[in-house]
Amino acid sequence: LFCILLIGSILFSYLVHKNILEKIVYFESKFNDFLMFIKGESIKTVSDGIAGNDEFSLMLWKLDNDIKFVEEKINDEKSFIKNASIKLSNIKNGKFGESLNYQGDNPLITELSFVVDNFSKNLERIVVNINTAFLELSSGNFKHRMKLYCQGEFLLMKNSLNTTLDKFENLNVDQNLQIT
């Protein structure tokens, strides 16, 4: 009887260890790995194949899938941040280029992408208009004026440039009158 109880308790301990404790240890390891990923201490989470049809295995499988989903979303947002940084650096250097085109489902990042893209397009439009005015001026055409809508410092620049062009045009007309 003692041997049967001993064998039974050893078998019971083995099954508890195999079916419960190993999965709790796996859960703890997976959760710590996920926290390290969230903190930025690791690049990605480790995904081990989970075998079994018991409740613990199914819960761990669900946890694993949820962690993969969160990891994908975080990586999408990291990618957007990297692309936005490159885009803003390019704008700073006068290269307007392509739109950000965030395709994720985070409405705040979608809105930020829209704002950055609109900022880039408006700034490009203003810079092109200013460049055109200066190119016309350098070629001797004093009749070209900046006509785009702008505000703030760009409005001051537009008005100053247009006033300067008026003065050059008047000076040119006066010079032509004096010559003839």
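Quick notes on the rules
Residues numbered from 1 in each chain as written. Predicted model: local features only at pLDDT ≥ 70, side-chain atom pairs only at ≥ 80, totals over all residues. Heavy atoms only, no water. Helix = DSSP H or I, 4+ residues; strand = E, 2+ residues; numbered from the N terminus. Rg over C-alpha atoms; globule rule 2.2 N^0.38 Å. Buried < 20%, exposed > 50% of the residue type's maximum accessible area, 1.4 Å probe, protein only. Contact = heavy atoms within 4.5 Å. Areas by Shrake-Rupley, 256 points an atom, 1.4 Å probe, with all protein chains shown as cover. Lys, Arg positive; Asp, Glu negative; His and termini not counted. Charge placed at Lys NZ, Arg CZ, Asp CG, Glu CD. Core = buried A, V, L, I, M, F, W, Y, C linked by side-chain atoms within 4.5 Å. Phe/Tyr/Trp six-rings, centres within 6.5 Å; stacked < 30°, edge-to-face > 60°.

Peer 1: What is the right way to read the overall build of the chain from this model?
Peer 2: Secondary structure assignment for the chain yields 4 helices and 0 strands. The N-to-C order of helical and strand elements in the chain reads α-α-α-α. Taking 16 Å as the expected radius of gyration for a compact globule of 180 residues, we find that the chain reaches 34 Å, considerably beyond that expectation. Seen along its three principal axes, the alpha-carbon backbone of the chain occupies a region of about 130 × 25 × 20 Å. A burial count over the chain gives 23% of its 180 residues as buried. For the chain, restricting intrachain contacts to residue pairs at least 6 apart in sequence, the fraction spanning at least 24 positions comes to 49%. A total of about 13,300 Å² of accessible surface is found on the chain, and carbon and sulfur atoms cover 63% of it. Treating the 20 positive side-chain charges of the chain as one cloud and the 23 negative ones as another, the clouds have centres 7 Å apart.

Peer 1: Could you clarify how one ought to interpret the nonpolar core in this entry?
Peer 2: In a soluble, globular protein the nonpolar side chains are often hidden away together inside. Residues Ile-126, Ile-130, Ala-133, Leu-137, Phe-142, Met-146, Leu-148, Cys-150, Leu-161 and Leu-165 constitute the largest nonpolar core, which totals 10 residues. Breaking this core down by element, the ones donating at least two residues are helix H3 (107–138) and helix H4 (152–179). Examining the composition of this core, we find that 4 residues originate from one element, H3, more than from any other. One finds Ala-84, Tyr-102, Ile-109 and Val-116 within the second-largest nonpolar core, a separate group that totals 6 residues.

Peer 1: When you look at the packing of aromatic side chains in this model, what are you seeing that I'm missing?
Peer 2: The geometry of an aromatic ring pair comes down to the distance between the two centres and the angle between the two planes. If you walk through the whole model with that rule in mind, you get 2 aromatic pairs. Ring centres 5.9 Å apart and planes at 15° place the aromatic pair Phe-27 and Phe-31 in the stacked group. One end of the pair, Phe-27, and the other, Phe-31, are both in helix H1 (residues 2–39), 4 residues apart, so they sit about a helical turn from each other. Under the relative-accessibility criterion, Phe-27 is labelled partly exposed at 39%. Taken together, a centroid distance of 5.4 Å and an interplanar angle of 70° make the contact between Phe-80 and Tyr-102 edge-to-face. Remark: Tyr-102 occurs in the loop between helix H2 (55–92) and H3 and Phe-80 occurs in helix H2; sequence separation between them is 22 residues. The same class applies to Phe-80 and to Tyr-102, which are both buried.

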